[in-house]
Amino acid sequence: MQITTVQSDADVQGILTLQQKNLRKNVPLHVQVDQGFVTVEHDPVVLTRMNQAAPSVIAKDGDTVVGYALTMLPEFATDVPELLPLFDLINKLTYEGKPIYDYAWYVMGQVCVADGYRGQNIFDRMFQHHRDVYGKRFRLLITDISANNNRSLRAHNRVGFESIHEFYDPAIGETWVVVAWDFEK
């Protein structure tokens, strides 16, 4: 098992393949409750550009991508319409008494570990690699998680994320938790 960053088009395709298998619309409800799910379906061209700007962290078993933690810089906010509200919200939030936009930050665009590889510390190792790769460049890593995705909330908390805001999205009838990981802590 290797934890690395995206190096090729094949790695991007591996992310997209794993993403498809774990999209909420493709995962039965009982599996969603137990194992979690992902909500955003990324465009291959946009995902490629995101990885050229700041490579995402991936877990590979041989040549197969079995986990990913997407790096999404703020300049890509308009390229993924589903995440634009998150970026708009982040620019209105504070952290430790200062506006978040005063910090160097980026967004975890999505994280996923393949079925059969969960519970093997891959999630934690990918996030540690994020900190190793981006910890000197950024102070905060931010994302939002469906309040219904208990597995993801617990895993993010375990590696060091803390809740900084919650909001209800009436369009989909769901509560979301905005979490941040301060690389200086």
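Above this text you will find the structure in question.
Description of the structure in this document. (Residues numbered from 1 in each chain as written. Predicted model: local features only at pLDDT ≥ 70, side-chain atom pairs only at ≥ 80, totals over all residues. Heavy atoms only, no water.)

## Concerning the overall build of the protein chain
Put simply, the test is: Starting at the N terminus, helices and strands are each numbered in turn, a helix being any DSSP run of H or I of at least four residues and a strand any DSSP run of E of at least two. It is over C-alpha atoms that the radius of gyration is taken, and the globule rule equals 2.2 Å times the number of residues to the power 0.38. Partly exposed describes any residue whose relative accessible area lies between the buried limit of under 20% and the exposed limit of over 50%, with all areas from a 1.4 Å probe on protein chains only and scaled to the type maximum. For the accessible areas, the method is Shrake-Rupley and the probe is 1.4 Å, while residue cover comes only from the protein chains on display.
Each helix and strand in the protein chain was counted, giving six helices and nine strands. A compact globule built from 185 residues would reach a C-alpha radius of gyration of about 16 Å, and the protein chain, at 15 Å, matches this within 12%. The proportion of buried residues among the 185 residues of the protein chain is 50%. As presented, the protein chain carries roughly 9000 Å² of accessible surface, and 48% of it is formed by carbon and sulfur atoms.

## Here's the deal with the sheet that holds strand β3 (residues 64-72)
How we decide: Pairing between strands is defined by DSSP: at least two bridges between the two strands are required. Geometry is summarised by axes, namely lines fitted to C-alpha atoms with helices restricted to the contacting stretch, and by angles between N-to-C directions that run from 0 to 180 degrees.
The seven strands lie next to each other as β1-β2-β3-β6-β7-β9-β8, forming an open sheet whose pairing is mixed. Every other strand in the sheet has two partners, leaving β1 (2-5) and β8 (162-169) as the edge strands with one partner each. This sheet shows a mean twist of 25° between the axes of neighbouring strands, independent of strand direction. As paired elements, β8 and strand β9 (residues 174-182) share seven bridges and run antiparallel to each other. Counterpart to Ser163 in the pairing with β9 is Val179.

## What to know about the packing of helix α5 (residues 122-134) against helix α6 (residues 150-159)
Defined as follows: Under this scheme an angle from 65 to 115 degrees is roughly perpendicular, one under 35 degrees roughly parallel, and one over 145 degrees roughly antiparallel; angles in between are oblique. Two helices cross in a left-handed way if the nearer one is turned anticlockwise from the farther one by less than a right angle. They cross in a right-handed way if the turn is clockwise. In what follows, residue pairs with any heavy atoms lying within 4.5 Å of each other are defined as contacts. Three classes are used: nonpolar for Ala, Val, Leu, Ile, Met, Phe, Trp, Tyr, Cys and Pro, charged for Asp, Glu, Lys and Arg, and polar for all others, with Gly counted as polar.
Contact geometry of α5 with α6 gives a least axis separation of 10 Å together with a crossing angle of 50°. As the angle between them shows, α5 and α6 are arranged oblique. The element α5 and its partner α6 pack so that their crossing is right-handed. Residues Phe123, Asp124 and Phe127 of α5 touch α6, and the partners they reach there are Ala155, His156, Arg158 and Val159. For the contact of α5 with α6, the per-class residue count stands at four nonpolar, one polar and two charged.

## What about the side chain of Asp144?
Note the following rule: None of His or the chain ends enter the tally, which takes Lys and Arg as positive and Asp and Glu as negative. Only one rule defines a salt bridge in this text: a Lys or Arg side-chain nitrogen within 4 Å of an Asp or Glu carboxyl oxygen.
Considering the arrangement of structural elements, one finds Asp144 in strand β7 (residues 140-146). The side chain of Asp144 is buried and forms no salt bridge, while Arg24, the nearest opposite charge, is found at 11 Å.

## Some thoughts on unusual backbone geometry
Backbone geometry at Glu96 places phi at a positive 50°, although glycine is not the residue there. With relative accessibility at 49%, the residue Glu96 sits in the partly exposed group. Positive phi outside glycine occurs at Asn121, with the angle close to 70°. Note on placement: Asn121 falls in the loop between β6 (105-113) and α5. Classification of Asn121 as partly exposed rests on a relative accessible area of 44%.

## As for the layout of surface pockets
Under the convention used in this document: In this analysis, the protein atoms alone were mapped onto a 1 Å grid. Cavities are point sets where a 1.4 Å probe fits without being able to get out; pockets are open sets with protein on both sides within 12 Å along at least five of seven lines; lining residues have an atom within 4 Å of a point. Grid points are joined across faces, edges and corners, and a volume is the space filled by probe spheres set on the points.
In this structure, the largest pocket occupies an estimated 880 Å³ of space. Taken together, 43 residues form the lining of the largest pocket, with Phe37, Val38, Val111, Asn149 and Ser152 sitting closest to its centre. Sort the elements by how many residues they give to the lining of the largest pocket and β6 lands first, with seven residues. Looking at the lining of the largest pocket residue by residue, the class counts come to 19 nonpolar, 14 polar and 10 charged. In this structure, the second largest pocket spans a volume of roughly 230 Å³.

## Some thoughts on the pairing of β3
Of all nine residues in β3, eight are buried, a share of seventy percent or more. Inspection of the sheet shows strand β2 (residues 57-61) paired to β3 by five bridges, in the antiparallel sense. Paired with Asp61 across the two strands is Thr64, which belongs to β3. Hairpin connection, β2 to β3: the antiparallel pair is bridged by two residues, and Gly62 has positive phi, about 65°.

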